[in-house]
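Summary of the model geometry
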Amino acid sequence: MFTVTLKPKRDRPTRMGHPWIFSGAIDKVDGAPAPGEPVTVRAASGDVLGVGAWSPESQIRIRMWCFGREALVDEVFFREKIAAALAVRAGMAERFDTDALRIVNAEADGLPGITVDQYGDVLSGQFTTVGAEWAKPMVVRALMDLTGAKSFYERSDVDGRAREGLEQVTGLLAGEAPPERVIIHEGEVRFGVDVRNGHKTGYYLDQRESRRIVASYAKGRDVLNTFSYTGGFGIAAQKAGAKSVTHVDISGPALAQARANTTLNGFTEDSAECIQANVFQELRAFRDRGRQFGLVVLDPPKFAETRAQTMKALRGYKDVNVLGMKLVEKGGYLATFSCSGAITPDLFRSMVAEAARDAGRTVRIVQELRQAPDHVEALTFPEGLYLKGLLCHVE
Ligand code: SAH
């Protein structure tokens, strides 16, 4: 293995277990590691800090596979990592009454660049870095073997691959072709997941626990489910006894699946309203028509891709929150989210406070919401917390 030595005083994050080493921290490289190849990382003192994957094109030049030792990063190594990731999720399927879990959560599982969701018998994964690409065959073998899944589909159609000098790829990695729709369940609610064409790996598992919590406030209320994707929050609300459900999303295929999910759960297709529109415009249209709801869900996409976009993103979040709050009946509820990692829980909370002031509403936090527990966070990698939300009572 080639060795990479860090500059003096630049070893602290790595010693603390942070998985990223930026190009500016690197002093010298002995040899010419290929993209994705494991390298031994040493401090200026010569101490071995661990082994990481070499990413020559990325500002994040090394992503650590292990710390404090010079391990052989091979088939056995990845099999142990995967077994450990599965052990972390032991009992979760029963506890959350589901057959769909995130089973590999990248850095948080010591597997930077690798995200794998399990939908019943089907695995769907993203490999976003050259290190992940290098490890892919070993990771795929370990996962197929240890989960007993029938299919492994790849959804590495993510923009981040370009920063690593990688093309986007999708397709079958192992096993048989997955069904067109994999039917999963979250409690008694069922969803069809299209792993080939759906967003990310096919579905947003990170909102599973929030869907359950928010739905428990839906009984007898008119529910507005914005950024609905395939119906998630709204269908859970309908199952929980909502008086009416309105889904709004810009994506036609997502709403087609929302309709299919409505009937899949025993409701007639027209029992929920599906509106294909830009949420910002549709919320204004509701306001102008004086339409009100007992529960409003705001689950926008990532507005900040980078830290530099934080301010602009905050304005977007605030706009949608002001508009959304105005539509909540007195004594109703608002469930509002942000999945931008750059927006911290504190920033998010102050944005919601400003929105409440501008909307002229008294808003109380009933419950803080987070990404579902199968999306574990490493203590050494605070960047891993990306999804936060507030369930609010609105006066
Ligand atoms: N709440 C969903 C996940 C939402 S993902 C769930 O529980 O599964 C975000 C969704 O916002 C995507 O479906 C995307 O199509 C939609 N979207 C993005 N920008 C939009 C806009 N301006 N107006 C309407 N929908 C938008």
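Refer to the structure presented above.
An account of the accompanying structure is given in this report. (Residues numbered from 1 in each chain as written. Predicted model: local features only at pLDDT ≥ 70, side-chain atom pairs only at ≥ 80, totals over all residues. Heavy atoms only, no water.)

In this structure the tally under the stated criterion is 28 salt bridges. When the shortest N-O distance is used, the salt bridge between Glu 209 and Arg 208 registers 2.9 Å. When sorted by exposure, Glu 209 lands in the same class as Arg 208, which is buried. Members of the salt-bridge network, linked through shared partners, are Glu 133, Lys 136, Glu 154 and Arg 161. (Salt bridge = Lys/Arg side-chain N within 4 Å of Asp/Glu carboxyl O. Buried < 20%, exposed > 50% of the residue type's maximum accessible area, 1.4 Å probe, protein only.)

Another point: the sheet that holds strand S1 (residues 3–6). Across the sheet, 6 strands lie side by side as S2-S6-S5-S4-S1-S3; this open sheet has mixed pairing. Of all the strands in the sheet, just strand S2 (20–22) and strand S3 (26–30) have a single pairing partner and so form its edges. Pairs of neighbouring strands in the sheet enclose a mean axial angle of 35°, with direction left out of account. The pairing of S2 with strand S6 (residues 60–67) spans 3 bridges and is antiparallel. Bridging across to S6, Phe 22 finds its partner in Ile 60. The sheet strands contacting helix H4 (residues 130–147) are strand S4 (38–42), strand S5 (48–54) and S6, and the helix crosses S6 at an angle near 45°. (Pairing = 2+ DSSP bridges. Helix = DSSP H or I, 4+ residues; strand = E, 2+ residues; numbered from the N terminus. Axes fitted to C-alpha atoms, helices over the stretch in contact; angles between N-to-C directions. Contact = heavy atoms within 4.5 Å.)

Nonpolar side chains in soluble globular proteins generally cluster together in the buried interior. Counting residues in hydrophobic clusters, the biggest one holds 33 residues, and the most contacted among them are Leu 224, Leu 283, Val 296 and Leu 334. The set of elements that each furnish at least two residues to this core consists of helix H9 (279–289), strand S17 (293–298), helix H10 (310–326), strand S18 (328–338), helix H11 (345–359) and strand S20 (388–394). Of the residues forming this core, the biggest block, 7 residues, is contributed by H10. Filtering out sequence-adjacent residues up to four positions away, Leu 334 remains in contact with Val 296, Leu 298, Asn 321, Met 325, Val 328, Leu 390, Leu 391, Cys 392 and Val 394. Judged by nonpolar contacts, the second largest core, of 30 residues, contains Cys 66, Ile 82, Phe 96 and Val 104. (Core = buried A, V, L, I, M, F, W, Y, C linked by side-chain atoms within 4.5 Å.)

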